[in-house]
Every structure is written in structure tokens, then in C-alpha cells.
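Spelled out, the chains give:
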Amino acid sequence: MGFSSLEIGKRALIAQKFGLDITGNNIANVNTPGYSRRTTILAETDQTKQSNNYLGTGVIVQKIQNFREEYYDKEIRNTLSNVSNYDNDSTYLSRVETLLAEPGDTGINEIVTNFFNKFEELSVKPESTALRQNLLSIASTLTDRLNYTANSISDLRDEVKKKAISSTDNINSLLSDIASLNTQILKSRNNSTSESQSLIDERANRLEDLSKLMDIKIGSNDDGSINVFVNGINLLTSNVFSSVKIDEQVNQSTGERTLVLMKSDGTNSSNIELSPQSGELYSNLKLYNVSLDDLDSSTGFSIAKGINDFAVSLANKVNSFTKIGYGLNDVAGSNPQRDFFVGNGLTINASNIKINPGLIINPSDIPLSTQVGETGNSEIASLISKISSDNTFLNNQNPIDYYTNFIGKIGNLTKDTLNSLNSTKLINQQLNSQRDSVIGVNLDEEAVNLIKFQKAFEAASRIVNTSNDILGTLVNLGR
Amino acid sequence: MRVTFNSPIKPYLNNLENIQNRKINEEMRISTGNRIQSLADDPSNLVDSKQLNSKIEKNNTFINNINESLNEMKLASESIDFFSNSMQKIRDLSIDSTQIGVQGNTVNMAVYIKGILDDMVKEANKDLNGKFLFSGTKTLANSIDNTPPSTNNQPYELIEGDKTSENPSGLQVIFKGNNNDRTMNKDNYSTEVINVSSNKLFGNNLEALQSVIGLYNLLYYKSDGIARTKDDYLSSDDFQKLNNYQKVIADNVNSLNVVNSDFGAKINRLELIQSQYDSDNIRLKEIKSIKSDTDVAKTAMNLKLEDTALSYSLQVGSNLIRNTLFDFLS
């Protein structure tokens, strides 16, 4: 008679206690994002031969099993970068929509319509100072609105740039964390039968955070570490990573500024351009380089350029007529060649367009007549009012059609973005549900496990007690 | 599929958010009357609606302009009537003077005619809020050239110039405006002249008014330039001249009647166009309403549906945290 029963009881106590701990940990993390449930895999210990028979020697914890599935992780990362991309796009598009005061009755379209209609009214009453004042008031509202819209879009662009730079800080921090987690996972594998599941969960969370910023591809190594790629370019290999940074490039001939994401190894010569295809950073780069860039030279749709082109064309068309006209008090002599709209310096754009200050001081100087001294001549007013139906205004459209189609384009873009956002969100939710059904904690299951391990623990205690009693009986036999 | 503790919670929260968003949208549609609450709601109809709105506003401007022009034209028409009646009166007087000329005492008749001429010049200077009606495109006083022999900033002026054997009174009507047309846009492509030029009113170089002055001179002065007395009778030469003046004045009366008739037709045309614009706007507003306004019945139904969905959804939510095995373990 030996102590084998006691040993069996002891091993059973340890194994069931381990199972209770794992179950408790599952219950504790039922609401922890990214947590993958674990189960204890028990195994029978090696048998011994006694009395020509093989006897079991108890139980041991073979390993902790988790339920992560790389397929779901990969698909969720892919959808996350798309969700972030569309979410960021739709956020900025709805902000632009607010800036444009659309849809509403006080948008630029309504003001422009009113502006041309004032010239139409003046074509019948060019002598009316009240109407001239009224025109200046409407024109002032128009220039203020164009200035506000252009400047606000420019502010948005600056904000996007800051966000892009901040995103690169986040990316570098996440890459550093992932590299560090790779190292820790390697160590954990060396020191135990399996790697730390907590570290793997944490790394999966970091990878999802990284996916929200830009689309990444993951390569797994045999040692449990991973590599990270962006559009085929390696950013991280096991515990070694490259930083990323934002470079602002300036086109010397047009002055256009664009942001480029670069992989940086510390020296300028080793910089490589990264071209993410989705994610929040991709969205911000696209917004900065195309949508909100008033000097955009790409073939994409630029909201800022659309507004700017509109303002420039409006100023050029109106000025081309007022330049040849005369005001109410002009006398014979050289043509005063007055512009109606002016800008800062030589160029007029949406952010600096304003009314010629001389006309504000003296509305009778607004040139509406083609002949000097003819106060009832309103040919210039009539010509300007006809710009509203001039199909050569911009892109073979008149100003009303151009602007309403421009608004429609933004609407369609927003609609497409929202549709894409909703569909990718739905896919992401479904994938998350499916993954959750695999890795998530079911409290009923855990309750059963809890009872199972508790009862087994109690039974193991009985083995120890019983063994103790038997040993006591044996020890007292000789007394 | 394995059901976990969090399985029903996330989809529930997403669906609840969707229902609330849809309900708020329907509420906004009801409260604002606008079906399109954001550019993304219906870009195509939004574009149509905005273009229709611009068209309606443009039509309103044309309607206002036609109103303004009609006011001016009706005032001008009254003046043309006055000119026509005055010239007819002068013509009648000239015919009367044929009889009086035989009996002598034509001076009173001449004075009467000059009075009518004064009134005509005054009427020709008529303005609407400071805008002269019959001076072409020189519509304001500051555009009227006031250099001698002119003495004021009005387009027509009866002045007393040098006396000659041809013009013993020295009277002369001068015109300081121009004969240019003033036009208004009837639509984006066609225009209408809204004024009557001096040439059309009184002939080239104010021929009709100069004839009135000639008539005055004839009745007031003898051929030697000395004022007539009551015993001075008209000579046969004078009668010949009188006939000539009568003919010019009669022609001018006819011409003024034609001008006024044309003007009346133009006023009728513009009134017709104005009423056409009114009808167009009614139709355009209907189309715009279909494209962008809230269908109240449909939206109210949708709102009720969403409200019901929200109520049941919240009821479900209250039972979402379901019992687990732990609730039954002692």
C-alpha cells in the first residue's frame, strides 16, 4: 500500500481547481472586447503497472485551448478598414453639406439666383439707387457665403491633415505594441506548453485598431509571431518594425499640396511611399489630396475646386461686362473699366472674392450702361442677368445648372458612401456575430463547467479524505 | 450557431439605433414639410427641385419687371393721349383760325396755341420717380446736357432764341435726350421696347412741335415780323402756310394715334405674358412640391410604423438580458 491514491487526489484537486480558475476567468471577461474564451484540456497521467495490471495515476492539465479563428479575424480586419474609411468619408461629407447650407432655401444656389435676378430687375430700372443698394447687399451675401464656404473647407482640410499626422503616430505606436507583443508571445511559447492567449487576444485587438487606420495584410510565422504588410510593402517582421510618416509634397508649378504616407527607416533615401487602399488614414489622405483640395489636379471630384471654379468663373464673367460699362455719374472720357468683383492682389478665388469697395461707397458707379451719360441704358445689366442662362459659364453648363449638379454630385457621393458604410457595417456585424459565436463566452456553459469542476473538486477532496482514513486505519493496526 | 451572452446585444443596439434614426427622419419630414432632409436622401430630385426653384424665382423677376414696365408704359400712354388731344386741339384751332383770319384778331388764337405748346413740353418732361419717360436712355436729370441755349436739366425745353424773319418769336423747342430704345427682357431670349422715342412722338427734329411754333408765328406776327393787331387779316400766302402747318399737325395726330395704338397692343401683350408666367409658376410649384415636399399621409404612416417598431423594440430590450443557469442555482 503506497500513497498513490493521495497523489491521484492531489492531481485531481489541482486540475479541477485549474478548470475552476479558467471558468472563472471566462465569466469575468464575458464583456471584454476581443476576449476569446478558453477551456481546460485535461489528460490522464501515465499509467503504472501494479499486480500485473495497469493502473491510472490521475489527471493533469494538458493545455488551455482557445477558440480564435484566423479566418474571422482576417475578414473582420478587412471590413473594419472599409467601415472606418466610409465612416470618415460620410462624416466629412455631412459636414460639407452643413457648410453649404444644403438642402435648404438659403444655399449658394438661391443666393446666385437672387443675384442674377437683381441684375434683371436693374435692366428695367438702372437708375434706381435702391435697387443698386439691394444688388450690393445680395452680392455681399454671395461673396460672404463663398468666402465662408471656401475658408471652412480649407479649415476642414487642415483638420484632416492634423488627423492624418495623428494617425501616423497611432500607427507607429500600434506597430511598436505589436512588435513587443510578438516578442512576448515568443517568450511565452518558450516557457510553457502554449503561448499566452491573453497576449494573442491583445495582439488581435491591436491589429484591428491598426486596420481601422489602414488596410493591412498579415503573414504568420511558425514561431507564432506575425508580419504586417501595407499594399505589399512590409512594415513589421516579428519584432522589427518600420515607422511611417506623412510627407507634404508641393507641386512647384501649380502650388498644389498633397500628403503622402511614407515608410521611414530613419534616412530619406530609404523612404518608400505606402499606398493604403482603405481605412481612416486612406480616407483622410483622399480628402486632403482630392475632395478638399481647391487646386486639385487629379481626375477625382474635388468639392473645394468645384466651389473655387464657380467663384472664379462668376467673377470673370461679371467683370468682363462691367469693365466695358459706365455708371450713372460717369462723364465722357476714358472708360473707368470697373470690376464688380475683386480679390486679394491679382487673383480672385472663392476665399477672397469680394465686391469692388468703390462700388460699395458709390452704388451709382455700378456700370450698367454701355454708353457714357445714358442713365437709362441697362444693356450691361441685361447681359449680366443673361449669364444665369449662359451654357458656356462652366463645364458647358449655366451657373444654376452647374451648381445644382455640383450639389447633386455631393449628394450622390454621400449616398454611395452611406450605402457602402451600411453594407460594410452589416457585414462586419455579421462577421463579429459569427466570430462571437465561436470565441464568445456563454454563461450557461460556464455555469455548467463551474458545477462540473466544483463537483469534481469536491470528489477529489473525498479521495484525499478517504485515502487519509485508509492510511490512518493502517497506521493504527498494530496498536 | 452557438449563442453567447453578447450575441443578441450588439445586433439589438444597432437595430434600435436604426429605428430611432428612421423615426427622427420621419418626424423631421413632418415638421419641416421637406421630404429631402439631406443631400443623400434623393440627389436627383433635389437637383430638379433646386432648378425648378431658380426657374420660379426667375419667372417672379420677369413678372415684377413686367409690372414695373407696365406702370411706366401706362403712364406714358396717358401722356401720348394728352399729346394727341393737344395736337388735335391745335389742329382744330388752326382750322378755326382760317375763319378768324378772314375777320382778323388771330393773336389771341396764337397765345392760346402757345399755351397748349407749353403744356405739351411740360408733359413731355413727365417723369416716374425722377425717370423721364420720353428722353430715350437719358433718363435722369444729370444725364441731360444743360449747356446754352438750354437753361435746365429737363429733356424738352421751350426757349426764346434769336428772332429772325423766319421765326419772329424766336421760340424753339429743344430736345436734350436721345432717341434710343429702352428694352426689357420678356424672357431669357427676347426683349420688348418699353419707351417711345422723341422722333416717334413729334417727328424727326421735333417737326410737329416746330410746326406748332410756325403756326404760332403765323398767327401772331405779320410777314414783316411785327405783331398783328386785331385789324390784320391773313394774306393768301399766310393761308398757304396755314394749310401746310395744318397738314403736318394732322399727320402728327395720326402718327400719335398709331403710336398709342401700338403701345396699347404692347401693354396687352405684356399683360398676357405676365399671366402666362403666373400660370407657369403654379405648374412649376406643383412639380417642385411633388419632387421635394413631404407626402404627409405616407410620412405619417411611416412615422406610425417606426413608432410601433420602436415601442416593441424597447419592450424586447427590457427582456434582452435573459436568465442564465446561474439564476436557477441555489
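Treat the numbers as computed from the prediction; the structure is a model and nothing was measured. (Residues numbered from 1 in each chain as written. Chains lettered and ligands numbered in written order. Predicted model: local features only at pLDDT ≥ 70, side-chain atom pairs only at ≥ 80, totals over all residues.)

### Overview of the overall build of chain B
For clarity, the cut-off: Each helix is a run of DSSP H or I of at least 4 residues and each strand a run of E of at least 2, with the numbering of both proceeding from the N terminus. Note on method: radius of gyration uses C-alpha positions; expected globular size equals 2.2 Å times residues raised to 0.38. Partly exposed residues are those whose C-beta has more than 12 but fewer than 20 other C-beta atoms within 10 Å; 20 or more makes a residue buried and 12 or fewer makes it exposed, with C-beta atoms placed from the backbone. Contact between two residues is assigned when their C-beta atoms, built from the backbone, lie within 7 Å.
Scanning chain B from terminus to terminus reveals seven helices and six strands. Counting from the amino terminus, helix and strand elements in chain B follow one another as α-α-α-β-β-β-β-β-β-α-α-α-α. Against the compact-globule benchmark of 20 Å for 330 residues, chain B has a radius of gyration of 39 Å, which places it well outside the compact range. For chain B, the spread of C-alpha atoms along the principal axes amounts to about 145 × 35 × 30 Å. Expressed as a percentage of its 330 residues, the buried residues of chain B come to 32%. Here the contacts in chain B between residues at least 6 apart in sequence split such that 72% fall between residues at least 24 apart.

### Structural notes on the overall build of chain A
Within chain A, the regular secondary structure consists of 11 helices and 13 strands. Rg of the C-alpha trace for chain A: 37 Å, well past the compact-globule value of 23 Å for 479 residues, more than 25% over. Each principal axis of the C-alpha atoms in chain A carries an extent, and together these give about 145 × 50 × 30 Å. Across chain A, contacts joining residues at least 24 apart in sequence account for 68% of those joining residues at least 6 apart.

### Remarks on the confidence of the model for chain B
Low pLDDT marks stretches whose predicted atomic positions should not be read closely. For clarity, the cut-off: Confidence per residue, as judged by the predictor, is encoded in pLDDT with a range of 0 to 100.
Chain-level statistics for chain B give a pLDDT mean of 92 and a share of 98% at 70 or above. The ipTM assigned to the predicted complex is 0.89, against a pTM of 0.88.

### Some words on the interface of chain B and chain A
How big an interface is tends to be stated in terms of the accessible area lost upon association of its parts. As a reminder, the rule being used: Here the nonpolar group is Ala, Val, Leu, Ile, Met, Phe, Trp, Tyr, Cys and Pro; Asp, Glu, Lys and Arg are the charged ones; every other residue, Gly included, is treated as polar.
Taken together, the contact pairs 45 residues of chain B with 52 residues of chain A. Listed by contribution, the elements that provide at least two residues to the side of chain B that touches chain A are helix H1 (9-32), helix H2 (43-103) and strand S5 (183-185) of chain B. When residues in the side of chain B that touches chain A are grouped by element, the largest group, 14 residues, is from H2 of chain B. Considering only residue class, the side of chain B that touches chain A consists of 15 nonpolar, 21 polar and nine charged.

### Topic: helix H3 (residues 107-124) of chain B
Given 3.6 residues per helical turn, the α-helix brings residues three or four places apart onto the same face. Residues and elements named next belong to chain B. Heads up, the condition is: Under the convention used throughout, the expected extent of a helix is 1.5 Å for every residue step, that is, one less than its residue count. The directions considered for the arc are those from the helix axis to the C-beta atoms.
The first and last C-alpha atoms of H3 sit 25 Å apart over 18 residues, in line with the 26 Å expected at 1.5 Å per residue. Those residues of H3 that fall on the buried side of the exposure criterion are Ala110, Ile113, Lys114, Leu117, Met120, Val121 and Ala124. Take H3 and look down its axis: the buried residues cluster within an arc of 115°, on one side only. Across H3 from its buried face, at more than 90 degrees, point the exposed residues Asn108, Val111, Gly115 and Asp118.

### Structural notes on the sheet that holds strand S8 (residues 240-241) of chain A
To keep it simple, the criterion reads: A pair of strands counts as paired when DSSP detects no fewer than two bridges linking them.
On the basis of which strands lie adjacent, the open sheet formed by four strands has the order S5-S6-S7-S8 (chain A) and antiparallel pairing. Each edge of the open sheet is held by one strand with a lone partner, namely strand S5 (217-220) and S8 of chain A.

### Some details on the environment of Ser5 of chain A
All names here are of chain A. Residue position: Ser5 is located in helix H1 (residues 4-28). The partly exposed category is assigned to Ser5, around which 17 C-beta atoms lie within 10 Å. Along the backbone, Ser5 and Asn468 are 463 residues apart, and their C-alpha atoms lie at a distance of 9.1 Å. Setting aside chain neighbours within four positions, we find Ser5 in contact with Ile463 and Ser467.

### Quick look at the packing of helix H2 (residues 70-99) of chain A against helix H10 (residues 399-439) of chain A
Residues and elements named next belong to chain A. Going by this rule: Only the stretch in contact is used when a helix axis is fitted, and all axes are lines through C-alpha atoms; the angle between N-to-C directions ranges over 0 to 180 degrees. Any angle that is under 35 degrees is reported as roughly parallel, and any over 145 degrees as roughly antiparallel; angles of 65 to 115 degrees are reported as roughly perpendicular and all others as oblique. When the near helix sits turned anticlockwise from the far one by under a right angle, the crossing is termed left-handed; a clockwise turn instead gives a right-handed crossing.
Running from amino to carboxyl end, H2 crosses H10 at an angle of 150°, the nearest separation of the two axes being 8 Å. Taken together, the axes of H2 and H10 lie roughly antiparallel to each other. Both H2 and H10 take part in a crossing whose hand is left-handed. Its residues assigned to classes, the contact of H2 with H10 comprises 13 nonpolar, 11 polar and six charged.

### Digging into unusual backbone geometry
At the junction of Glu102 of chain A and Pro103 of chain A, the peptide bond is cis and its omega measures out at -10° in the coordinates. Geometrically, the link from Pro148 of chain B to Pro149 of chain B is a cis peptide bond, its omega value of 15° lying close to zero. For Asn395 of chain A, which is not glycine, the phi dihedral falls at a positive 50°. You can see Asn395 of chain A is positioned in the loop between helix H9 (379-385) and H10.

### Things to note about the sheet that holds strand S11 (residues 272-274) of chain A
In a beta sheet, neighbouring strands pair by backbone hydrogen bonds and run either parallel or antiparallel. All names here are of chain A. Pairing is antiparallel across the open sheet formed by three strands, whose spatial order is S9-S10-S11. Unpaired on one side and paired on the other, strand S9 (243-250) and S11 mark the two borders of the sheet. Geometrically, the sheet is characterised by an average inter-axis angle of 50° between neighbouring strands, direction not taken into account. Of the pairings in the sheet, the one linking S9 to strand S10 (residues 257-264) comprises eight bridges and is antiparallel in character. Among the inter-strand pairings, Ser243 is bridged to a residue of S10, identified as Ser264. Running over the sheet, helix H4 (residues 129-191) touches S9 and S10 and is turned about 155° from S9.

### What to know about the pairing of strand S7 (residues 233-237) of chain A
Consecutive residues of a regular strand have side chains that alternate between opposite faces of the sheet. All names here are of chain A. Both strand S6 (residues 226-230) and S7 contribute to a ladder of four bridges, which runs antiparallel. Residue pairing in the sheet places Asn227 in a bridge with Thr237 of S7. Where S6 hands over to S7, the hairpin turn is made up of two residues, of which Asn231 adopts a positive phi near 50°. With two bridges joining them, S7 and S8 adopt antiparallel strand pairing. Bridging across to S8, Leu236 finds its partner in Phe241. A loop of two residues connects S7 with S8, the two strands running antiparallel in sequence, and Ser238 in this loop sits at a positive phi of about 50°.

### Some remarks on H1 of chain B
Residue and element names in this part refer to chain B. When the terminal C-alpha atoms of H1 are compared, their 34 Å separation across 24 residues agrees well with the 34 Å that a helix rising 1.5 Å per residue should span. Residues Ile19, Glu26 and Arg29 constitute the buried set of H1. At its buried positions, H1 is contacted by helix H7 (296-318). Positive backbone phi, at 80°, marks Gly33, one or two positions downstream of H1.

### Here's the deal with the environment of Thr237 of chain A
Here Thr237 of chain A is to be found in strand S7. Sequence spacing of Thr237 of chain A and Glu120 of chain A is 117 residues, and the spatial spacing of their C-alpha atoms is 69 Å.

### Comments concerning the packing of helix H3 (residues 108-122) of chain A against H10 of chain A
Each pair of packed helices gets described by two things: the angle between the helix axes and the distance between those axes. All names here are of chain A. It is the contact of H3 with H10, at a shortest axis distance of 10 Å, that shows an interaxial angle of 175°. For the element pair H3 / H10, the angle class is roughly antiparallel. Residue-level inspection shows Ile108, Asn109, Val112 and Thr113 of H3 in contact with H10, the latter providing Pro399, Ile400, Tyr403, Thr404 and Ile407. By residue class, the composition of the contact of H3 with H10 is six nonpolar, three polar and no charged.

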